[in-house]
Structure formats: structure tokens, C-alpha cells
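If you want the building blocks of each chain, they are given just below.
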Amino acid sequence: AELDTLDVIVLAAIFLGTVAYFTKGKYWAVTKDPYASSFAGANGAKAGKTRDIVEKMEESGKNCIIFYGSQTGTAEDYASRLAKEGKSRFGLETMVADLEDYDYDNLDAVPSDKVVMFVLATYGEGEPTDNAVDFTEFITGESASFTLDNDPPLGNLNYVAFGLGNNTYEHYNSMVRNVDKALKAAGAHRIGEAGEGDDGAGTMEEDFLAWKDPMWTALAEKMGLEEREAVYEPIFGITDREGLTRDAPEVYVGEPNKTHLDGTPKGPFNAHNPYIAPIQKSSELFNVKDRNCLHMEVDISGSNLSYQTGDHIAVWPTNAGEEVDRFLDVFGLTSKRHNVISVKALEPTAKVPFPTPTTFDAVARYHMEICAPVSRQFIATLAAFAPDDESKAEMTKLGSDKDYFHSKVNAHCLNIARLLAVVSKGKKWDNVPFSALIEGVTKLQPRYYSISSSSLEQPKLISITAVVESQNLPGRGDPFRGVATNYLLALKEKQNGDPNPSPFGLTYEITGPRNRFDGIHVPVHVRHSNFKLPSDPTRPVIMVGPGTGVAPFRGFVRERKKMVENGQTVGKTILFFGCRKSAEDFLYKDEWEEAKQVLGDKFEIVLAFSREGSKKVYVQHRLKERAKEVNELLRQKAYFYVCGDAANMAREVNTVLAQILCGERGIPEEKAEEVVKQMRATNQYQEDVW
Ligand code: FAD
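All residue numbers refer to position in the chain's written sequence, counted from 1. Reporting in this predicted model follows two pLDDT cut-offs: at least 70 for local features of residues, and 80 or more for side-chain atom pairs to be given and counted; totals over whole chains, interfaces and linings ignore these cut-offs and use all residues. Processing note: side-chain calculations cover all non-hydrogen atoms of the structure and skip hydrogens and water entirely.

**Description of the overall build of the protein**
Okay, so step 1: Numbering of helices and strands runs from the N terminus; a helix is a DSSP stretch of H or I covering at least four residues, while a strand is a stretch of E covering at least two. Within the protein one finds 22 helices and 23 strands.
Okay, so step 2: This radius of gyration counts C-alpha atoms alone. The globule rule is 2.2 Å times how many residues there are, raised to the power 0.38. Since a compact globule built from 690 residues should have a radius of gyration of about 26 Å, the 27 Å found for the protein is in line with a globular shape.
Okay, so step 3: With respect to the three principal axes, the spread of C-alpha positions in the protein is 75 × 65 × 50 Å.
Okay, so step 4: The buried share of the protein, taken over its 690 residues, is 54%.
Okay, so step 5: Taking all contacts inside the protein whose residues are at least 6 apart in sequence as the whole, residues at least 24 apart take part in 78%. When a residue's accessible area, from a 1.4 Å probe over protein chains only, is under 20% of the maximum for its type it is buried; when over 50% it is exposed; and in between it is partly exposed. Here, two residues are considered to be in contact whenever any of their heavy atoms come within 4.5 Å of each other.

**With respect to unusual backbone geometry**
Okay, so step 1: Pro-152 follows Asp-151 through a cis peptide bond whose omega is -5°.
Okay, so step 2: Relative to the assigned elements, Pro-152 resides in the loop between helix 5 (133-140) and strand 5 (158-165).
Okay, so step 3: Thr-356 connects to Pro-357 through a cis peptide bond whose omega is 5°.
Okay, so step 4: Within the secondary structure layout, Pro-357 lies in the loop between strand 12 (340-345) and strand 13 (358-359).
Okay, so step 5: One non-glycine residue, Asn-173, adopts positive backbone phi at about 50°.
Okay, so step 6: Structurally, Asn-173 is set in the loop between strand 5 and helix 6 (174-185).
Okay, so step 7: Residues other than glycine seldom take positive phi values, yet Lys-637 does so here, at roughly 65°.

**A word on the environment of Met-223**
Okay, so step 1: Position of Met-223 among the secondary structure elements: in helix 7 (residues 204-223).
Okay, so step 2: A relative accessible area of 7% means that Met-223 is categorised as buried.
Okay, so step 3: Separated by 61 residues in the primary sequence, Met-223 and Glu-284 have C-alpha atoms spaced 59 Å apart.

**Structural notes on the packing of aromatic side chains**
Okay, so step 1: Pairs were defined over the aromatic rings of Phe, Tyr and Trp, the Trp ring being its six-membered one, requiring ring centres within 6.5 Å. Orientation was assigned from the angle between planes: stacked under 30 degrees, edge-to-face over 60, tilted for the rest. Scanning all chains against the criterion turns up 28 aromatic pairs.
Okay, so step 2: Each ring, one from Phe-577 and one from Phe-586, has its centre 5.6 Å from the other, and the planes form 20°; the classification is stacked.
Okay, so step 3: On the accessibility criterion, Phe-577 (0% relative accessible area) is buried.
Okay, so step 4: According to the relative accessible area criterion, Phe-586 is buried, its value standing at 11%.

**What about the side chain of Ser-282?**
Okay, so step 1: Relative to the elements of secondary structure, Ser-282 occurs in strand 9 (residues 275-284).
Okay, so step 2: A residue is classified by how much of its surface remains accessible, and Ser-282, at 8% relative accessible area, is buried.
Okay, so step 3: A 3.5 Å cut-off defines polar contacts: any pair of N or O atoms within that distance qualifies, except that in protein one atom must be a possible hydrogen donor and the other a possible acceptor, and neighbouring residues in sequence count only when both atoms are side-chain atoms. A polar contact is formed between the side chain of Ser-282 and the side chain of Gln-495, at a distance of 2.5 Å.
Okay, so step 4: Those residues in contact with Ser-282 that sit more than four places away from it in its chain are His-295, Met-296, Lys-492, Gln-495 and Asn-496.

**Looking at the nonpolar core**
Okay, so step 1: Within the largest apolar cluster, 45 residues are counted, with the highest numbers of intra-cluster contacts made by Phe-327, Phe-331, Met-368, Met-395, Leu-398, Trp-429 and Phe-434.
Okay, so step 2: Looking at this core, the elements that each hand over two or more residues are helix 9 (321-330), strand 12, helix 10 (360-367), helix 11 (376-383), helix 12 (389-400), helix 13 (402-408), helix 14 (416-423) and helix 15 (434-440).
Okay, so step 3: When residues of this core are assigned to their parent elements, the largest contribution, 5 residues, is made by helix 14.
Okay, so step 4: Setting aside chain neighbours within four positions, we find Phe-434 in contact with Ile-238, Leu-333, Ile-341, Phe-360, Val-363 and Met-368.
Okay, so step 5: Here, the term nonpolar core denotes a set of buried Ala, Val, Leu, Ile, Met, Phe, Trp, Tyr and Cys residues that are joined through side-chain atoms within 4.5 Å. Residues Ile-279, Leu-305, Leu-506 and Val-526 belong to the second largest nonpolar core, which totals 34 residues.

**Describing the site of the ligand**
Okay, so step 1: One heavy atom suffices: a residue is near a molecule or strand as soon as one of its heavy atoms comes within 4 Å of it. For the ligand, the set of nearby residues contains 25 residues, the closest of which are Tyr-448, Tyr-449, Glu-469, Ala-484 and Thr-485.
Okay, so step 2: Taking Val-467, its main chain carries an N or O atom lying 3.0 Å from an oxygen atom of the ligand.
Okay, so step 3: For the ligand, whose free accessible area comes to 970 Å², the fraction covered by protein is 79%.
Okay, so step 4: Of all the elements in the fold, those that place two or more residues in the shell around the ligand are strand 14 (447-450), strand 15 (461-467) and helix 16 (483-495).
Okay, so step 5: Considering each element in turn, the shell around the ligand owes the most residues, 4 residues, to strand 14.
Okay, so step 6: A breakdown of the residues in the shell around the ligand according to their chemical character gives 14 nonpolar, 8 polar and 3 charged. Only the protein chains shown count as cover for residues, and the accessible areas themselves come from Shrake-Rupley with a 1.4 Å probe. Each residue is assigned to one class: nonpolar for Ala, Val, Leu, Ile, Met, Phe, Trp, Tyr, Cys and Pro, charged for Asp, Glu, Lys and Arg, and polar for all the others, Gly among them.

**Overview of the environment of Gly-73**
Okay, so step 1: Structurally, Gly-73 can be placed in the loop between strand 1 (64-69) and helix 4 (74-90).
Okay, so step 2: Exposure remark for Gly-73: the relative accessible area of 11% places this residue in the buried category.
Okay, so step 3: Between the alpha carbons of Gly-73 and Lys-443 there is a distance of 7.1 Å; along the sequence they are 370 residues apart.

**Points about helix 5**
Okay, so step 1: Along helix 5, the positions that sit buried rather than exposed are Phe-135, Thr-136, Phe-138 and Ile-139. All buried residues of helix 5 fall inside an arc of 165° around its axis, so they share one side. Turned more than 90 degrees away from the buried face of helix 5 sit Asp-134 and Glu-137, all of them exposed.
Okay, so step 2: Residues of helix 5 that are buried sit in contact with strand 3 (115-123), strand 4 (127-128) and helix 6. Working definition: the arc comes from the directions between the helix axis and the C-beta atoms, pointing outward to the latter.

**Comments concerning the pattern of salt bridges**
Okay, so step 1: Put simply, a salt bridge is a Lys or Arg side-chain nitrogen that is within 4 Å of an Asp or Glu carboxyl oxygen. Overall, the coordinates contain 47 salt bridges when judged by the stated rule.
Okay, so step 2: Between Glu-76 and Lys-443 there is a salt bridge, with the nearest N and O atoms lying 3.5 Å from each other. Taken together, the positions of Glu-76 in helix 4 and Lys-443 in the loop between helix 15 and strand 14 put the pair 367 residues apart, joining distant regions of the chain.
Okay, so step 3: With its nearest N and O atoms 3.4 Å apart, the salt bridge here joins Asp-213 to Arg-89. Of the two residues, Asp-213 is situated in helix 7 and Arg-89 in helix 4; the sequence distance between them amounts to 124 residues.
Okay, so step 4: Asp-213 gets classed as partly exposed once you look at its relative accessible area, which sits at 36%.
Okay, so step 5: Note on Arg-89: relative accessible area 17%, which makes it buried.
Okay, so step 6: The structure contains a network of salt bridges with shared partners spanning Glu-85, Arg-89, Lys-212, Asp-213 and Glu-227.

**A short note on the pairing of strand 12**
Okay, so step 1: Here strand 12 lies mainly inside the structure; 5 of its 6 residues are buried.
Okay, so step 2: Pairing between two strands requires that DSSP report at least two bridges joining them. Two strands pair when backbone bridges link them, and strand 8 (residues 236-240) and strand 12 are joined in this way by 5 bridges, in the antiparallel orientation. Its bridge partner lying in strand 12, Thr-239 is registered against Ser-342.
Okay, so step 3: Across 2 bridges, strand 12 lies against strand 13 in antiparallel orientation. Looking at the pairing, Ile-341 lines up with Thr-358 of strand 13.

**A closer look at the confidence of the model for the protein**
Okay, so step 1: Confidence of the predictor in every single residue is expressed as pLDDT, which spans 0 to 100. Overall, the prediction assigns the protein a mean pLDDT of 92, with 93% of residues at 70 or greater.
Okay, so step 2: Under a pLDDT of 50 for its full length, residues 16-45 has, in the predicted model, 36 contacts with residues more than four places off or in other chains.
Okay, so step 3: The ipTM, which scores confidence in the relative placement of chains, is 0.99 for this predicted complex, and the corresponding pTM is 0.89.

**Details of the sheet that holds strand 11 (residues 312-315)**
Okay, so step 1: Read across the open sheet, the 6 strands follow the order 14-11-18-9-10-15; overall the sheet is antiparallel. Only two strands of the sheet have a single partner each, and these edge strands are strand 14 and strand 15. Shown here is a sheet whose adjacent strand axes are inclined to one another by a mean of 40°, direction ignored.
Okay, so step 2: Note that strand 11 and strand 14 share 4 bridges and pair antiparallel. Of the residues in strand 14, the one forming a bridge with Ile-313 is Tyr-449. Throughout, an axis means a line fitted to C-alpha atoms (over the contacting stretch in the case of helices), and angles, computed between N-to-C directions, take values from 0 to 180 degrees.

Below, the structure is given as C-alpha cells:
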């Protein structure tokens, strides 16, 4: 009985949708392209839309909204999966929403027969993701003021919460914890547990799956929902555009939006709109076979982009041709790869994640994370479309048995196409609706790199220091190769004289859609960070950055060198660097010498080579050896920085620093840990880890 009004709204929405569907040709022909997507311009997608979530739910007949706070796309993906599952299993009218697109002051007006879900990633030092900053400030703020005068303010609100975090960080899952606390304090009712996924332990996907089932049970009970047999219903409609070829000017063959399609990309350049930047030069930094580390100089002078020493640059990669071929092949799309299609959301609140009209090839190459880890939930969805009973049974087993899945799939870093080919022994999966792939394969994400140049020295030239991702895995013929870094390696090879680069046999559409990346260009944007040198240059700094963790510290050291050349005085600058062998992977060996020439005894590099002596020596060992000096510098208010491996190194450095304080200051261990915490809270201890 509780859902009566809702039923009426839903029926009305279905009716209106049906009318719209059958009258489509007639009434929609007024627009130039009835299938034109919302990627009209860099920022066109949001123009003119309501920011009122209650209004939005009402007008679209929704009773479940799933907000996401996402940085790298995983939270957004989980939100979509919840939406899909809620709809197919329980008939909920779900919609996914970017936190950035709405106001929150009327969360108190969401009726109690509806539910709001929050899927929230925690980023870096317990920070919200970029799209969740305003929401977090609002909801956790002292004086969140809502539109109504309810007491308690959110007494009508039913919510569900899941967080994505990494236990190697100090503020583990602080976003979901803080938001959950704030919502509860305002009187809202949580349904199910507040879930926490842990990327640090590598169990994110499994944590999510384990959390969601009891949550659905609790939600079904609370809202009186009946579970039905889940049937696959596509979210996107695919239309062949037979009259169009891929050369037609309105067809997207990899361009991220309209201004790029038109050939006149316009700023602002940001996470939604990359700048196609020339690479000024590129080289390799290691002297060893089979391990590659790139140094690249990216020229942003033709754009409005700017950066500060310590920021991050995001690289928008392209998938390797061989993986694109494999993907299209397994789904029986090879012969149609360049056919033009339009993709349209079949329901008003879903967004097509790439611009259309486009081609299957362009989608697989530029827009889908086709090489990424496969989600176990997606496997279960695909089982229904298996080419034979044996494959179906195997998929069902993989989808339901997490240990089996792990041993067969994740342990070998199989991507979706490789897995399906193995399961079906080469039979094509040509029954899989393309919509299912758009829903089940995440959007291709930009990769972030800690900028390794100094903006004082070269304000319009950004350096990248990136190790090429490659892993030999047992039980897998060829090594696993990372998406972005092998693409960058190909760019480097082309720039250095190879007209058709194919690092490790991988080829790329290196000149980009319509050859617009020719002349060695790479799509990028800049992300500002809080990882910064002290504003007072006389303060000492201690930097710990083994491997490519040295990237931002190259920038820091060059910055201080430049300051001295400009006549400024700088404080002690000490860098702990580690690698395997001095003759192999000692990054920027000559540059440290040059810095020393200018900075004199203000600069020192402390080295740890793990494969030279009889014993493995790491940066944290060196740090401990320098306990006295480190403590002394901290007393002089030195800033302490750590960059690189989050899983082990950063945590150990934290522990060692506490031990140093404990030993040198004669304080108990807990007190020393407290001091380190305090240093983090006041930005005296900064981390840039991944
Ligand atoms: P990907 O293809 O993304 O693979 C990366 C990893 O994901 C693999 O090693 C594997 O563990 C896992 N994986 C991928 N596919 C599968 C699969 N099918 N099955 C199972 N597992 C899979 N890197 C640097 O070299 N230098 C830097 O300065 C730097 N700075 C960074 C700063 C920040 C803030 C962040 C977040 C990251 C930084 N990184 C840096 C890391 C960088 O962003 C990339 O993650 C890295 O270069 C690998 O990218 P890739 O596309 O080549 O590899």
C-alpha cells in the first residue's frame, strides 16, 4: 500500500516512455540528428538540467537514486551496477547520479518510500573525490541547512552506503564513514551495513559483492519489494546508421567530444576534455633489457593548462590494436568494426558513456577499459549469452565461486576477451548485446603521473617519469602489459625514429582519430594536488621516493636549484632514493650531481640499492640509519614527504619514522605514532602514493 502513489508515477512514466518511443521518428526529427548524444560540447552535457534531486526523481518516476563520488571510475561503475541490479531483481526504478550534478539541501524532501544510495570513494589522504567535494562539505559541515523544518532534519531519508578505500592509507574509507555518521546524526535511516571495500588488500570487488546481498535483503524488506527472476534488459539501444560511413564528418572515431570532432578543441581542458599536447621529447631512463622507464616532456604552452610543482598529469590512453582485435573478434564484431552506430540511452536518466554516432572499433579502442580486471558479477550476466551449454556452466561457476574465479581469472590478469575465448574454446560470443558490454566494461580511464618537473623552471613543459608496466605471470603465454605505459612507450619509439613502433608486438592507432595526434601528441589534463614544497623555502625538507616515487622529488629538487640560481636561500634538502642497482635503474643519476653543484651541502641524496650487497637495503633502512639527523631536521620544522608504492613502502616509512621519534625523543611508541599523525594532520607529513 505504501507504494501506491509510486506505482501510479511509474505507470505514468512507462506510458509516456512508450508514447515517446512510438512517436520518435515523427516528433524528434526536428533535431539535426535524432540520436545525437549529449556530448555536444566540452561542458554541454549539463546545460539546462535541474539540480533538484526530488524534482528529478519525480519527473523521471524514480524511487531509488544512486549517487557516486568517483575519481577513477570504480565507484561510478559500482553505482551503475547497483542501479542495474535493483531494477532487474526488484523492479526498483533506479537512476545513477553524479554528486556534482545536484544540490543536497533538499535531501530532507526525499519521501520515505524512496531510497538514496551513496557509493563513495575516498581519495588520497582521506579526501573526497573531486566530484564529491561540495557534497562532503555540505553534509559534514557544522550547519548543513535543509529546505524543510523537519526534526530531525533527515528523519524521512532512507539511505544505503558503500565506500571504496585503501587500508594502506591512514584515513581508511573516511568518506563513507564521515558521510554515514553525518547522515545518522541528522536522523536518516541506514538500510543494511555501511559497506567498505579495500583496494589495499585487493579485495574491493569481493567486498562489494559480499556487502550488497544482505543490503538487498534488508532493502527489500524495508520497502516491501518482491524479488523477481532477473531478466536482462538493455539500458542502451544500438542503431545501425547504414547511410553513414566512418569518414562522415559527424561520426566520432575516437574524439572525446564535439569540439575535438570539429577539429577545434576548446578549453577548459579537464577531466572531461583533454588537451592534445605535443610531446617535446622522450627517452628511456633504465639501462637494462626488458625493463623500461620513460621520461617524457609534454608541452602545454598551446593551452590554458597550468601546473605547480607536485601536481599530477593525467594521460588518456588508447588500447593496443591487438587487444582491440581480440575484443571485437570474441564478440563476432570484426566484420562490422567500422560500421557506424548510434547509441542511445533507453531511459532518460542513463548516460551514454561516449559520444555517438561512432563505430565499434572506436568504442573498443578509445572508450572502454577492455584490458581491465573482469568483474565477477559481469561474468554471471554474460553466462546467459554463452555460445553453448558447457560455456554457460563454466561461466555460472566462475560467477558464483569466488576462489575458483580468482584462480582462473585474476591470477592470470585475464581481460574479458581472453577469458571468454578460453571458456568457449574459441567459439564466438555473438549473442551478447552490445549494450551489455557498454554496461559491463568500464569507461577507459586516464592514468595519473606525478609531475617530475618544476613549474618554476619550466612552467609550460611537464615531465613524466613512468615505468612501463609488464608482468610475467605463471600459466599465461605472454606477459601482462599495462595499457597506458605501453602506449607511451610506442609514442617514445615513434618520436625517436621508428615510423611503425610495436613495443612487445603491440601496435597503436598512434596518430589518433583522423590523424589528429600525429606529430607525436598525447591527450592530457592536469590535476592539482596538495603535495607541495613548504611556502617558506628555508624550511628543510626530507623526501623519501624509491623507484618512480622519485618523480615529484625531481621536480622539488629542480625547483630549489632554480631558487638558488635566482638568488634565494633554501633549507636543507635531503632525498632518500632506492632502486635495484646503481648501474641499472638509478633514475636521473647525472641530474643529482648537477643539483649538488648548485645547491652544495644544502642537498644530499641518500641511496639504497636492494640488489647490490648481500642484504637487501631499502630506503626505510637508510632512514633509520639517519635517525638523529632526521629527528633534528623535524625539530627545525622540516617537511616530510613520501612518494611511490602505497602497499608496502609508504606504510613502512611511516612506521620507521615513529620508531625514530620514539628512540630519539625517548617517548613511548604510541606517543610517537600520535606525533606522526599530528604531522599528517598539519601537512608536515605529505604522501603521494599509488
Ligand atoms: P594498467 O593496464 O592500468 O595495469 C595496472 C595494474 O592493474 C596491473 O599491474 C595489474 O595489477 C592490474 N590489472 C590491470 N589489468 C588487469 C587484469 N585484466 N586482471 C588483473 N589485474 C589487472 N606511475 C609511474 O610510473 N610514475 C608516476 O609518477 C606515477 N604517479 C602516480 C600518481 C598517482 C596519483 C597515481 C594514482 C598513480 C601514479 N602512477 C605513476 C601509476 C600510474 O597511474 C599507472 O597506474 C601505471 O602507469 C600503470 O598504468 P598502465 O595503464 O600501464 O597499467
